[in-house]
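Coordinate inspection notes
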Amino acid sequence: MRKSWILALAVLAPLWAENIVIQNATIMTVTKGTLRGSVVIKDGKIAEVGEKVMMPQNATVIDAAGEYVIPGIIDCHSHIAVDGNVNEGSVSVSSMVNIKDVINPEDPAIYRALAGGVTAANILHGSANPIGGQTIVLKMRWGKDAQGLIFEGALPGIKFALGENPKRPGNPPGGRGATQTVPARYPATRMGVEDTIREALNEAKAYKAEWDEYDAKVARGEHPLAPRKDLKLEPLKEVLEGKRYVHAHCYRADEILMLLRVADDYGFKIRTLQHVLEGYKVADEIAAAGTGASTFSDWYAFKFEVYDAIPFNAALMQRKGIVVSLNSDDAELMRHLNTEAAKAMKYGGVSETDALAMVTINPAKQLGIDSRVGSIEPGKDADLVIYDKYPLSDYAKVQKVLIDGQQYFDRDTDLSGRPAKALEKQKLIDKEKQSSPRPAGGRRPVG
Amino acid sequence: MRAFVMLTGCALACTAADNAVLIRGADVYPVTSAPLKGASILVLNGKIAEIGARIAPAKGVRVVEGKGLRVYPGMIDSATQLGLSEISAIRETVDTGDLGEFMPQLRALPSVNPDSEHFAVARIAGITSAITFPAGGGGGGGRFGAPRQYIAGQAALIHTAGWTWEEMAVTGSAALYLQFPTPRPPGGRGGFVPENIAELAGANSASTFTEMMRTYHQQVAEITEFFEEARRYQKAKAAQAAGFVRNLKFEAMLPVLDGKVPVAIAAATPQRIHDAIQFADQQHIKIVILQPRELGSAAEELKAKNIPVVLGKVLALPRGPDDPYDQAFTLPAEADKAGVKFAFGTFDNEFVRNLPYEAATAVAFGLPQEEALRAITINPAQIWGVGDQLGSIEKGKSADLLVTTGDLLEIQTQIKHLFIRGQEIELSSKQTQLYERYLKRQ
């Protein structure tokens, strides 16, 4: 793993220039229409967008004649760059664990996502628990360390999960071929999922009251004994205070409605419903709750709770006024979210701009980072993707990707660097073969 | 569910009596010849009866106005489990991957459920025929701790519409599915191990490497022995030997030994492809290679021996952490440049409808567009032995036709009319019905 990372770094060290002008391009700003012209980048930010722009001095010019520029794609549901398993499945409520602590900046999926035009992603804990671990938003700054990947200032989140996944540990497998039995973990039903969430929020509410009382006393100049910090309840207290977003994995209409009502009861909002494949059935309720929906374009029937999934889901929810994004939940699908957006046009007739919004400004809104990214506007981060062709087509491919005005992916550089990379790999293999004579029967540790 | 069945029923029945259709004035993409501007196609009794610049409709012929539209032959997906697997996570709905190491007698066709919801989803996306494989994904086939399978059974080539599996059948036995062994390092977490450094990285001592190769050769020997046994059976049968007892397993092997039915072998790497070819040479059998992830030096061999390949998924991650990010995207172009004949397969029921988009991705990464189109029409028809019936718009062929708003491989293109064996199919599925129903929710 480390080797490949160093190899890739050697070839793909980001180009850095203070001022960049991308010119002669078709610029799809998402929020301000589509135009032919230039984007001026200064100090990592978009300085100007227009048919005619002021050329800054000493600018690096990228001629994008015949090409298309869109805002960097944002994936609202991903599990890349996580070191090891994404599920702390041993407990029903795993709010004490944090994805931030296990970021792996050497995961090649980061580079591959970049090569598919993704510049930021919401990295989530798995869905094994009704209340899962804490989540983090990353920028795909390939080559930077874990800290350098974090989207500075983005509000952290927490994963909730409903339906089949969190109830699975309550129904351990014992069918044909099972060689061992696993003890069951509550909950085993949707009823239990609701209860688990309510119990935890109930605890968190009491915990918050304790702290509120303590804080009030301190504010009055008293010197009370502080309550004990509870690492499980702390993030849930933040949820109740609106300081942490809830991203809730869900599929069926019943459970979606259940969670919206639970949130009502505890006085907070679900920030996004994730997957939400039956969201179209309760779109009015989701819209009324002011909750966002982040869905797949066309996945269906891979398990029972998605048997009623339809590719028109995104369009139907959008029509009801919900902020809809299209996500991947998959390191491969993540690489062509542009075509997932095109599917929203095919299935349900979403407009070009609205479709593109579903992978740019809408996920940015859902993650609370829309003042920084998600559209091509002056003042925003220069997170941009250049495609060779019309990007809402499966014939298009990514040519260049910039994050904060720095070039993190360039297809030509990638292609021209391949022979050197292959050579270096062969050298390493040869070296390894020479330096480690085979032990006779013994096992040699692998690094 | 009931509503869906009745709708489909009507779609089939209403046109059954009226079996002549004229598609008039469309741009026709026959695939096997140059596109025709403003041409007409006459469909009679399920077959393409005529293609011409101007065909006058006889009385009572249903006319489909094709002005501004295009006509393509129906697409063929060369790797699905349509009709055999409904919801992949629920074993009760999955009929692939039975128990038993050598099961050539198992037939996919009679287990095809014509009312599977996947069929309507696939056909209204333009997939009019598909290979449905009996392997993997089920209770057996190595999943859920069951023992591995070498021969999973016979794949069928089917149309994606019909009242019964008999009506859907194009070829009941299109291929025998053989899971050829792969040397696997013992233990580990099943991570990726490049073959050339397996010894160094995976099997981390000389003894485990040797052990791995020994197991592999043993497995190949077991398969070889099964084929030899089948051949002895064939001879005994031909000789009408005394005491000959009919054996269903070996009976199923006869068309394979005669070279009438190809053996489909999944092989990911050049080395594995080479092994499969070597095995085919020894056994004098016809083979089709499934799902290679790399071709490399094997491309030349495939071309020289005229062995076809089913490619997919195109939309896949590279094999190793340091392989090019577009490795899977460029593989079809590589196969094409090497002159290897190939078709595309989606290898997943839930993604069958994305077959043309997989092909288009290959175009973005260097495959000529005409070749991409061939790989989902005429190539699979030829590979599966029905090049004279399916896969192009030619007189006498099955009238499997798509009338579209544009380029078949573009996501935004819509299908306006769909014909399978000359019957117009309603563009409706469980999904479109749910959509229409919830559009009405106020």
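Here the structure is a predicted model, which means the values were calculated and not measured. (Residues numbered from 1 in each chain as written. Chains lettered and ligands numbered in written order. Predicted model: local features only at pLDDT ≥ 70, side-chain atom pairs only at ≥ 80, totals over all residues.)

**Some words on the sheet that holds strand S6 (residues 73-78) of chain A**
Residues and elements named next belong to chain A. Here eight strands make up an open sheet; going across it, the order is S6-S7-S8-S9-S10-S11-S12-S13 and the pairing mixed. The sheet is open, and its two borders are formed by S6 and strand S13 (324-326), each paired with just one other strand. Sheet twist, expressed as the mean angle between neighbouring strand axes with direction ignored, is 25°. Pairing of strand S11 (residues 272-275) with strand S12 (residues 292-295) involves four bridges; the strand directions are parallel. Looking across to S12, one finds that Gln274 is bridged to Ser294. Relative to the sheet, helix H7 (residues 253-266) contacts strand S9 (157-161), strand S10 (245-250) and S11, its axis offset from that of S10 by approximately 160°. (Pairing = 2+ DSSP bridges. Helix = DSSP H or I, 4+ residues; strand = E, 2+ residues; numbered from the N terminus. Axes fitted to C-alpha atoms, helices over the stretch in contact; angles between N-to-C directions. Contact = placed C-beta atoms within 7 Å.)

**Points about the pairing of strand S5 (residues 68-71) of chain A**
Pairing between strand S1 (residues 19-28) of chain A and S5(A): two bridges, direction parallel. Across the sheet, A:Ile27 pairs through a bridge with A:Val69, a residue of S5(A).

**Quick notes on the sheet that holds strand S7 (residues 127-132) of chain B**
Residue and element names in this part refer to chain B. Taken in spatial order, the eight strands line up as S6-S7-S8-S9-S10-S11-S12-S13 in an open sheet, and their pairing is mixed. The sheet is open, and its two borders are formed by strand S6 (75-80) and strand S13 (342-344), each paired with just one other strand. Strand-to-strand twist of the sheet, defined as the mean angle between neighbouring strand axes without regard to direction, takes the value 25°. Sheet topology places strand S8 (residues 151-159) next to strand S9 (residues 169-178); six bridges connect them, and they run antiparallel. Among the inter-strand pairings, Ala155 is bridged to a residue of S9, identified as Ala175.

**What about the domain arrangement of chain B?**
All names here are of chain B. Domain annotation of chain B identifies domain 1 (1-74 + 392-442) and domain 2 (75-180 + 245-390). Relative to domain 2, the C-alpha centre of domain 1 lies at a distance of 26 Å. Taken residue by residue, the interface counts 25 residues in domain 1 and 25 residues in domain 2. Among the elements of the structure, helix H1 (2-16), strand S15 (415-420) and helix H13 (430-439) are those that each provide at least two residues to the side of domain 1 that touches domain 2. For the side of domain 1 that touches domain 2, the element with the most residues is S15, which contributes three residues. (Domains from an automatic or database assignment.)

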